[in-house]
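Analysis of the macromolecular model
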Amino acid sequence: MVKRRAHRLLCIATAALAAIACACTVGAQPRAVDETSVHAAYAINFLRYARWPADAAAGPLVVAVVGPADTAATFRTLVRTAGPVDGRAVTVRAVPVNVAAPDRRDAARALRTRLQGAHLVYVAPSHEAWQPAVIEATAQQPTITVGTGADFVARGGMFGFQQDRGRVRFTADAARIATARIDMSARVLRLARPAGGG
Amino acid sequence: MRHSFQHRHAGVLLAALAWSTGAHALGFDEPRALLELSLEQLGDVEVTAASRRATRLTETAASVHVIHGDDLRRLGIRSLPEALRLAPNLHVARINAAGYAVSARGLKTSLSNKLLVMVDGRPVYTPLFAGVLWDMQTVPIEDVERIEVVSGPGAAAWGANAVNGVINVVLRPAAQTDGGFAGGWASEDGHGVSAAQTVAAGERGAVRLYGKHDRWSRSESAAGAPVADGWSQRQAGFRGQWRSGGDDLRVQGEAFEGESSDRPFGAVRAHGHHLLARWTRATGDAGQWTLQGYVDVVDRLDPLIIDDRMTISALEFAREASFGDHRLAWGLGYRHARDESRAGLLARLIPAERTLEWAHAYLQDQIAVSARMTVELGLRLDSNRYTGVEALPTARFAWRGENHTLVWGALSRAVRSPARFDRDVHFPANEPYLIRGGPDFRAETSDVAEFGYRAQPLDWLSVSITGFHHWHDGLRAGIGAPQGGVFISNGVEGRTYGVEGWATARVPGEWEVALGVLELRHRLERMPGFSGANSIRDQGNDPEHQVLLRASRRLGERQQVSLFARHVGALPDPFVPSYAQLDARWSVNAGNGFAFGVGARNLLDERHAELDPVSGLPQSVFGRSLYVDARLEW
């Protein structure tokens, strides 16, 4: 029967093509696309909904990315696509550091100059060890701190991303944002989940 | 009755659902699409586990409903069929303590056979009868990330058996889990305990170890007599994940054993194990490839019906890539099964042992015709030992409007290829046989037209409505055999049509209300030469209406109340009256990782049956039951 013969042929063809497919694709280059893009989109929205004190209200908005180069590249792509925010150009400043962080005080000292003038700092998940140093280095500055993990806000960060049900959610510390003299729209804060809430 | 479009479109390439998740990419310009979303809508962006590519459900040209793991835990769900009840595009009927029938788009029997059900990409339907033995399908509910329920044919992507729907249970990848938990539930109808722990496996990997034990007590008949349908099952397994750059390797395995309470002809016993490996690599062309292989062994001893040992091994390759305005997906696969059976009192397979094999190849192309319009074309060739190669085409379109409106339509062909119970079954186990497997039984075919509308008119409100019409041909029926009794053959044709819709209103972190409605009609008739009185009745027993309502409200930061109500219309033949069910649960997060809940199922205490069993047991009815559950996380 023709259909049965076709079945045998398809079995053989499948095996042969699978072998070829594997051979052809093993050399393909990895491309790091993950929820970083979603984090970056949120970060740009945080910029859109923030008002800055007078000493930070002029010139380009600076987004510092503490993490790997490809994370900074993802931020750059989104920032470039988004264009100016509130009439101000946005620039991304990569802050490449080792994954392992030195002692918090040393690390904060090392970061302080590199984060100078940043309006928003994003700490990549791979660099969670730097979170305390980033928070210390930006203390009292009008700088939005954004990180990942359940503890980021508890440690003193402003916005913490977490994955929930395959979606990216965030918690926020409104009091800390206000202390940094940043006027964040209620629309953003209303969407934040309560930190540590069950 | 065959319809002209099924011939005209047989050669049309079809489009389908994205490989591995059933959800689609944001679009060809991912950054721009992300930036066009409001803050609220960003919260709806899904980051798929398999591809790590951001996807949005609202872009999928199919009737897809996603049940989130949190919803299951909020409602104190204990089993996979209970979880599937939350999907408004499914009908789930409890048959007895642990037995269920699950169907999409109708044709539901206790041996429903037109759904493709997968747990983490591994099909769990048995090639014995092309259906799912739900009592054995236990998944760690605490680790369910989401369940994607696609009603309507997914054949172009998933192959034969995905006639009326595809269910994909996605467990949380090991690397996204942390620490562990121990928990349990106790109720009038059973109890269960489960625990899991994640351990590091090298610098880039993690392994989640888990174990689970559930015992479902005997149910009762309407007269109050105990039914011998108790079921207990133990299982243990692991899920490992290693990531490096664009590579993602998963290795997972599980072993289980279960047994029923004593029955007149002896208890049903089942045991089995599986091992699966999947390697995914993101590629430079905005795509990925996936190579997956698994071995699955299930031994089920049923002295009344049949003893069967099924050993399945499979190897699949899938590739996705974007080229300009085209997003291509193609794949190949081969599956081999060795089935060894022993006659029970009621049935025998001839030959007792058989080797089965399947192969497939598919190609889908999603074409961005304009900024708002995409067209998807695809074709899958699926081959099986019994009927050779089947062609499964589809053509879909999706038009995106303002406010995330999506208008979509699809024409598809799907088949349910023959299983052992179509070709080789003999009833009773010894001559003279009343029913014989049909040597000429061919695939059951469905041609399907669907039209859908999905929108998010407000940031907190989303709606979906789908109209569908299935033309069935060659459904299973009996025809007189020269030796006496009947042969199984393709003797019924007809139509199934209806509407399914749902709406979800959500204020993140506060409350959520979801409403689902399903309206379904059948017009089935015997094909010329078929006269069996039961031919139509045997196709399925479906309610014409179903309404689901789910609500949950956060009370302060630690407490939550959840309600789930459903109304199911009467089943026509055999007649089962309509019923309403209300479940409620109150839960408290006590801090330090400890949470507990109390709840009730069937709060209205309307004792009701949901479907007639075919297992030789009396019909069970279900009334009110109270339960408690607790969980400690660390």
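Another point: the confidence of the model for chain A. Should the pLDDT be low somewhere, the predicted coordinates at that spot are not to be read in detail. Residue and element names in this part refer to chain A. Mean pLDDT over chain A works out to 80, with 77% of the residues at or above the 70 mark. Across chain A, element-level confidence peaks in strand S4 (residues 120–123) with a mean pLDDT of 96 and bottoms out in helix H1 (residues 2–25) with 59. Note that residues 21–33 has pLDDT below 50 and, in this model, 25 contacts with residues that lie over four places away or in other chains.

This part takes up the pairing of strand S2 (residues 61–66) of chain A. All names here are of chain A. Within S2, six of the six residues are buried, leaving the element largely enclosed by the surrounding structure. The two faces of S2 match: Leu61, Val63 and Val65 on one face and Val62, Ala64 and Val66 on the other face are all buried. In terms of strand pairing, S2 meets strand S3 (residues 90–95) through six bridges, oriented parallel. From the neighbouring strand, Val62 faces S3, where its bridge partner is Thr91. Between the parallel pair S2 and S3, the chain is carried across by helix H3 (residues 69–82), and the sense of this crossover is right-handed. Two elements, S2 and S4, share four bridges in a ladder whose sense is parallel. Counted as the bridge partner of Val65 is Tyr122 from S4.

This part takes up the pattern of salt bridges. Residue and element names in this part refer to chain B. Counted according to the given criterion, the structure contains 48 salt bridges over all chains. Measuring nitrogen to oxygen at the nearest pair gives 3.1 Å for the salt bridge that ties Glu444 to Lys114. One end of the pair, Glu444, is in strand S28 (residues 444–458); the other, Lys114, is in the loop between strand S6 (100–103) and strand S7 (115–119), and 330 residues separate them in sequence. For the pair Glu444 and Lys114, one class covers both residues: buried. Its salt-bridge partner being Glu519, residue Arg521 comes within 3.0 Å of it at the nearest N-O pair. A relative accessible area of 25% places Arg521 in the partly exposed class. Note on Glu519: relative accessible area 26%, which makes it partly exposed. Through salt bridges with shared partners, a single ionic network connects Lys114, Arg416, Asp422, Glu444 and Arg476.

Further remarks concern the environment of Ala414 of chain B. Residues and elements named next belong to chain B. As for its position among the elements, Ala414 is in strand S25 (residues 406–416). Ala414 sits in the buried class, given a relative accessible area of 0%. Taking the C-alpha atoms as reference points, Ala414 and Ala429, 15 residues apart in sequence, are found 33 Å from one another. Excluding anything up to four places from it in sequence, Ala414 contacts Pro153, Ala155, Ala162, Val163, Leu392, Glu444, Thr445 and Ser446.

Residue and element names in this part refer to chain B. If you trace the five strands from one edge of the open sheet to the other, you get S4-S9-S10-S7-S8, paired in mixed fashion. Looking along the sheet, the strands with just one partner apiece sit at the ends: strand S4 (63–68) and strand S8 (122–123). Here S7 runs beside S8; their pairing, made up of two bridges, is antiparallel. The partner of Met118 across the bridge, within S8, is Pro123.

Cut-off values and rules
Residues numbered from 1 in each chain as written. Chains lettered and ligands numbered in written order. Predicted model: local features only at pLDDT ≥ 70, side-chain atom pairs only at ≥ 80, totals over all residues. Heavy atoms only, no water. pLDDT = per-residue confidence, 0-100. Helix = DSSP H or I, 4+ residues; strand = E, 2+ residues; numbered from the N terminus. Contact = heavy atoms within 4.5 Å. Buried < 20%, exposed > 50% of the residue type's maximum accessible area, 1.4 Å probe, protein only. Pairing = 2+ DSSP bridges. Right-handed = clockwise from strand over helix to strand, strands pointing away. Salt bridge = Lys/Arg side-chain N within 4 Å of Asp/Glu carboxyl O.

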